[in-house]
Amino acid sequence: MPVPALTSAAASSDAATAAAAASNLDSPPVTTTGHAADAASELDPGLYIVSTPIGNLEDITLRALRVLRTASLVLAEDTRHTAKLFSRYDIHTRLSSFHQHNERHKQALVLRQLQQGAAIALVCDAGTPGINDPGTALVAAAVAAGLNVIPVPGASAVLAAVVASGLPTDQFLFCGFTAPKSGARQKQLASLAAQEATLAFYVSPHSLLAALEDAAQVLGGNRQCCLARELTKRHEEFWRGSLGDALLEFRQRGPRGEFVLLIAGGSAGGDGGETPLSEEQIVGALREAVAAGESPSSAAKSVAKQLGQNRKLCYALSLGLQQQQGSTTDDG
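Residues numbered from 1 in each chain as written. Predicted model: local features only at pLDDT ≥ 70, side-chain atom pairs only at ≥ 80, totals over all residues. Heavy atoms only, no water.

Asker: Give a detailed account of the overall build of the protein, specifying residues and quantitative values.
Answerer: Regarding its fold elements, the protein presents 12 helices and 10 strands. For the protein, the residues scored as buried account for 41% of the 332 residues in total. Put simply, 70% of the contacts in the protein that link residues at least 6 apart link residues at least 24 apart. On the protein, roughly 17400 Å² of surface is accessible, and the fraction owed to carbon and sulfur atoms is 54%. (Helix = DSSP H or I, 4+ residues; strand = E, 2+ residues; numbered from the N terminus. Buried < 20%, exposed > 50% of the residue type's maximum accessible area, 1.4 Å probe, protein only. Contact = heavy atoms within 4.5 Å. Areas by Shrake-Rupley, 256 points an atom, 1.4 Å probe, with all protein chains shown as cover.)

So, in structure tokens, the structure goes:
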């Protein structure tokens, strides 16, 4: 439906309003309480924990832009990475590297500057600093020293994944990265098996399949999950289903990109044991293992372990698969 043309007076008034709004785009909002807003252009002294986009640069907030432009210094996990954000939004504040290899060395200097009245912003490469990124120790030290610590909320991979997962959100437990080795990972998962809250893990692509194998074995292959991949980026994807199906899916296509793995919580008593998959799902896994070169008996053992299924059932299904293969060979 066409929009009626404005009268010249109305157009002039609206244009003036729009121009005023544009000129105030980066101005602080009206003062409320604490540090949530500030009518002055200068920042109060303190350490500002600033969330930045996790992929899509449009996910920066107006407040974050104002803080980054007016801070006396911005501490960045990788200055080259943050420089791209600065270039996109015409920010010229001085950058200094602050990462896991130098944070202990630089912490005393940063605290001294804060004590002298500086307003320093802390950013990481993506998302919210301190969530599996540098900054936790600095924040704790600033709090212990009685200095202001001001969060500037924004993008967070774990929150984006949780709210779009389709799993319960009334309780969720962020568990960080999955443990790097299978034994430690299985122990980590076993300790969480009875949790009723949705579990959220960061998983690197090279460890995804091993993490899914361990999760299916410890928590049960039928436990529901969601894999959130490449959040806010061009190839963003949410894969939803059981842990067993997830393992089959990503073993077939190969994991690419960064993942957040969300796993449904256990029942009231916890269900840390086996949860059965359908026979069709198990046979599918057996076929893949045999196609990869395993014997049917060896495939039964590996599938039972990987998917957390009953070994006798897997062996019986492997015998059926072996008989089918023999029948096919005889017919040929």
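Asker: I'd like a rundown of the pairing of strand β2 (residues 73-76), residues and numbers included.
Answerer: Side chains Leu73 and Leu75 of β2 all project onto a buried face; the interleaved residues Val74 and Ala76 project onto the opposite face, where all are buried too. For β2 and strand β4 (residues 119-123), the ladder comprises 4 bridges, and the chain directions are parallel. Residue pairing across strands places Leu73 opposite Ile120, the latter belonging to β4. One ladder, built from 3 bridges, connects β2 with strand β3 (residues 95-97); its direction is parallel. By the bridge assignment, Ala76 is partnered in β3 with Ser97. (Pairing = 2+ DSSP bridges.)

Asker: Give a detailed account of helix α2 (residues 62-70), specifying residues and quantitative values.
Answerer: Among the residues of α2, Ala64, Leu65, Arg66, Val67 and Leu68 are the ones counted as buried. At its buried positions, α2 is contacted by β1 (46-50), β2, α3 (79-88), β4 and β5 (149-152).

Asker: How would you explain the nonpolar core if you had to name every residue and give the values?
Answerer: In this structure, Phe201, Leu212, Leu227, Leu243, Leu261, Ile263 and Val303 are the most contacted members of the largest nonpolar core, which totals 38 residues. The residues touching Leu212, leaving out its near neighbours within four places in the chain, are Leu227, Leu243, Ala246, Leu247, Leu261 and Gln306. Ranked by size, the runner-up nonpolar core spans 20 residues in total, among them Tyr48, Ala71, Leu85 and Ile150. (Core = buried A, V, L, I, M, F, W, Y, C linked by side-chain atoms within 4.5 Å.)

Asker: Describe unusual backbone geometry, and please don't skip the residues or the numbers.
Answerer: Phi is mostly negative for residues that are not glycine, and the peptide bonds are mostly trans. Of note in this structure, Asp90 is not a glycine but carries a positive phi near 55 degrees. Its place among the elements puts Asp90 in the loop between α3 and β3. At Asn132, a residue that is not glycine, the phi angle is positive and equals roughly 55 degrees. Position of Asn132 among the secondary structure elements: in the loop between β4 and α5 (136-144).

Asker: Pulling in residues and values, what's your account of the sheet that holds β2?
Answerer: Strands belonging to one sheet form pairs held by backbone hydrogen bonds; the direction of such a pair is parallel or antiparallel. With respect to topology, 5 strands assemble into an open sheet ordered β3-β2-β4-β1-β5, the strand pairing being parallel. A strand with exactly one partner marks an edge of an open sheet, and here the two such strands are β3 and β5. Between one strand axis and the next, the sheet turns through 25 degrees on average, direction left out of account. In terms of strand pairing, β1 meets β5 through 4 bridges, oriented parallel. Directly across from Ile49, in β5, lies its bridge partner Pro151. Against the sheet, helix α4 (residues 103-115) engages β1, β2, β3 and β4, with an angle of about 140 degrees to β4. Against the sheet, α5 makes contact with β1, β2 and β5, and its axis sits at roughly 150 degrees relative to β1, the strand it touches most. (Axes fitted to C-alpha atoms, helices over the stretch in contact; angles between N-to-C directions.)

Asker: Which residues make up α5, and what values do they have?
Answerer: Taken together, the buried positions of α5 are occupied by Leu138, Ala141 and Ala142. Mapping the buried residues of α5 onto a view down its axis gives an arc of 100 degrees, with all of them on the same face. Of the exposed residues in α5, the ones pointing more than 90 degrees away from its buried face are Val143 and Ala144. Where the residues of α5 are buried, they touch β1, β2, α4 and β5. Gly146 lies just past α5 and shows a positive phi near 75 degrees. (Arc of directions from axis to C-beta.)

Asker: Any chance you could break down the pattern of salt bridges for me, citing the residues and the numbers?
Answerer: With the rule as written, the count across this model stands at 7 salt bridges. A salt bridge links Glu237 to Arg229; the shortest N-O distance between them is 2.9 Å. With a relative accessible area of 15%, Arg229 lands in the buried category. Glu249 is paired through a salt bridge with Arg253; the nearest N and O atoms lie 3.1 Å apart. Taken together, the residues span about one helical turn, with Glu249 and Arg253 both in helix α9 (residues 243-253) at a distance of 4 residues. A network of salt bridges, in which partner residues are shared, links Arg229, Glu237, Glu249 and Arg253. (Salt bridge = Lys/Arg side-chain N within 4 Å of Asp/Glu carboxyl O.)

Asker: Could you give an account of the layout of surface pockets, naming the residues involved and the relevant values?
Answerer: A probe matching the size of a water molecule, rolled over the atoms, marks out where space remains unfilled. There is about 510 Å³ of room inside the largest pocket. Around the largest pocket, the lining comprises 22 residues; the ones closest to its centre are Ile54, Ala126, Ala157, Tyr202 and Glu258. When contributions to the lining of the largest pocket are tallied by element, the ones reaching two or more residues are β7 (198-203) and β10 (259-263). Taken together, the residues of the lining of the largest pocket sort by class into 11 nonpolar, 5 polar and 6 charged. Along its surface, the second largest pocket is lined by 13 residues, and Pro53, Gly55, Leu57, His81 and Asp125 are the ones closest to its centre. Considering each element in turn, the lining of the second largest pocket owes the most residues, 4 residues, to α3. Its residues assigned to classes, the lining of the second largest pocket shows 7 nonpolar, 4 polar and 2 charged. (1 Å grid on protein atoms, 1.4 Å probe; cavity = no way out; pocket = protein on both sides within 12 Å on 5 of 7 lines; lining within 4 Å. Points joined across faces, edges and corners; volume = space filled by probe spheres on them. Nonpolar A, V, L, I, M, F, W, Y, C, P; charged D, E, K, R; others polar.)

Structural measurements only, silent on function.
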